[in-house]
Amino acid sequence: MTALRPHQLATIAAVIWVAVAPIVAGAFTITLMNYIGIGAIVALGLVLLTGLGGLTSFGQAAFVGIGAYATAWLTTRVGMSPWLGLVLALVTTGTVALLVGAITLRVGGHYLPLSTIAWGIAIYFLFANIPGLGQHDGISNIPPISIFGWSLQGNSTVYYLIWIALGLSMVGISNLLDSREGRAIRSLRGGETMLASTGINLFRMRLIIFVIAALLAGLAGWLYAHMNRFVSPSPFETRPSIEYLLMAMSGGAGSVYGAVIGATVVTMLKDKI
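On a predicted model such as this, the values are computed, not experimentally measured, just so you know.

Let us look at a nonpolar patch on the surface. Together, I12, I16, W17, V20, I23, V24, Y160, I164 and L168 make up a nonpolar patch on the protein surface, roughly 880 Å² of accessible area in all. Those elements that provide at least two residues to the nonpolar patch are helix 1 (6-24) and helix 6 (155-177). At 6 residues, helix 1 tops the list of elements feeding residues into the nonpolar patch. Along the chain, I164 turns up in helix 6.

Shown next as C-alpha cells:
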C-alpha cells in the first residue's frame, strides 16, 4: 500500500475537521468558519484572476455586494425564494462583470488595478444612495435559505451549505485548470507575445476569468446575505477587497487550496486585532 503524502494527510484532516466542527466546536468557532468559507470562495476567484491570470483587482467586494443586494432585494421586496435570489445574484453579477471587464481589461499596467478601485468605489456608493436598497441603513429581515422545507436559519445549519459551496467551487476551478482552457489561463502570465504565438485571444481569456471570479464573489454574496439576514454598504467597500486579495496571495497565489489557507489566516488575524 502506498503511503499517503503529507499534503494528502493534511487534506483528509481538514475535511474531517470541517465535517465534525459543528458537533465539537462552539458557536463562535462556527461563525468564524462561516466567514472563512465565504472569504475563501471570493479568494478562489482571485487565485484564478490574479494568481494565475496576472490581473490585479481591488473591486471583488463590490461583486460580493452585488450578489448580496440582488438576493436581498428579490427576497424582501418581491418575496421570492432565496434560490431564485441565487439565480438573480449570479446573473446580475455576471452581467456587471461582463460590462465592466469589457471596458477595464483593455487598459494595462498600473491603470488596471486603479480602474478596479474606481468602479469598486462607484458601486459601493450606489448601494449607499439607492432608496430601494435601503441606502446606508441597508436591507434587513432577509429570509433564511430553505432546503426541502428545512430552514438554514442558524449559523450551524447554514455552515454545511457554505462549505459544500466552497468544495464544489474548488472542484470546478481545479477541473477548469486541468482542461485545455486551463492551460491557456496558466499561460496568461507569460505575456502577450507568447500567447499570440499560440493563437489565444488574450482579451477574451482575460474577460472569461474576470467573469468567473465575479461569479464566485456573487455566490459568496448570496451566502453572506442569507447567513447574516442583513446587508449594508460597509462590507463591500475597498478595504474588504484588499483583504480578499490578501487571502488569495497569502495562501499561495496560484493554489486552489491556498484560497482556504489564506482565508483562514486573514480571518483569524482580523479576529485577533
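Okay, the packing of aromatic side chains next. If you walk through the whole model with that rule in mind, you get 11 aromatic pairs. When the ring of W83 is compared with that of W222, the centres are 5.2 Å apart and the planes differ by 50°; the resulting orientation is tilted. Here W83 is found in helix 4 (residues 82-104), whereas its partner W222 is found in helix 9 (residues 202-228), with 139 residues between them in sequence. In this structure W83 comes out as partly exposed when scored by relative accessible area, which is 35%. Pairing Y224 with F236 gives two aromatic rings, centres 5.8 Å apart and planes at 75°, and the pair type is edge-to-face. Of the two residues, Y224 is situated in helix 9 and F236 in the loop between strand 4 (230-231) and helix 10 (238-250); the sequence distance between them amounts to 12 residues. One aromatic cluster is present, formed by Y69, F127, Y224 and F236 through successive ring pairs.

This part takes up the packing of helix 2 (residues 27-52) against helix 9. Geometry of a packed helix pair, given as the angle between the helix axes and the separation of the axes. Where helix 2 contacts helix 9, the axes come no closer than 8 Å and their chain directions differ by 170°. One finds that helix 2 runs roughly antiparallel with respect to helix 9. Across the interface between the two elements, N34, Y35, I38, I41, V42, L44, G45, L48 and L49 of helix 2 pack against I209, F210, I212, A213, L216, A217, L219, A220, L223, Y224, M227 and N228 of helix 9.

Here is what the cut-offs are and how they apply
Residues numbered from 1 in each chain as written. Predicted model: local features only at pLDDT ≥ 70, side-chain atom pairs only at ≥ 80, totals over all residues. Heavy atoms only, no water. Patch = residues over 30% accessible without salt bridge, like charges linked within 9 Å, V, L, I, M, F, W, Y side chains within 5 Å. Areas by Shrake-Rupley, 256 points an atom, 1.4 Å probe, with all protein chains shown as cover. Salt bridge = Lys/Arg side-chain N within 4 Å of Asp/Glu carboxyl O. Helix = DSSP H or I, 4+ residues; strand = E, 2+ residues; numbered from the N terminus. Phe/Tyr/Trp six-rings, centres within 6.5 Å; stacked < 30°, edge-to-face > 60°. Buried < 20%, exposed > 50% of the residue type's maximum accessible area, 1.4 Å probe, protein only. Axes fitted to C-alpha atoms, helices over the stretch in contact; angles between N-to-C directions. Parallel < 35°, antiparallel > 145°, perpendicular 65-115°, else oblique. Contact = heavy atoms within 4.5 Å.

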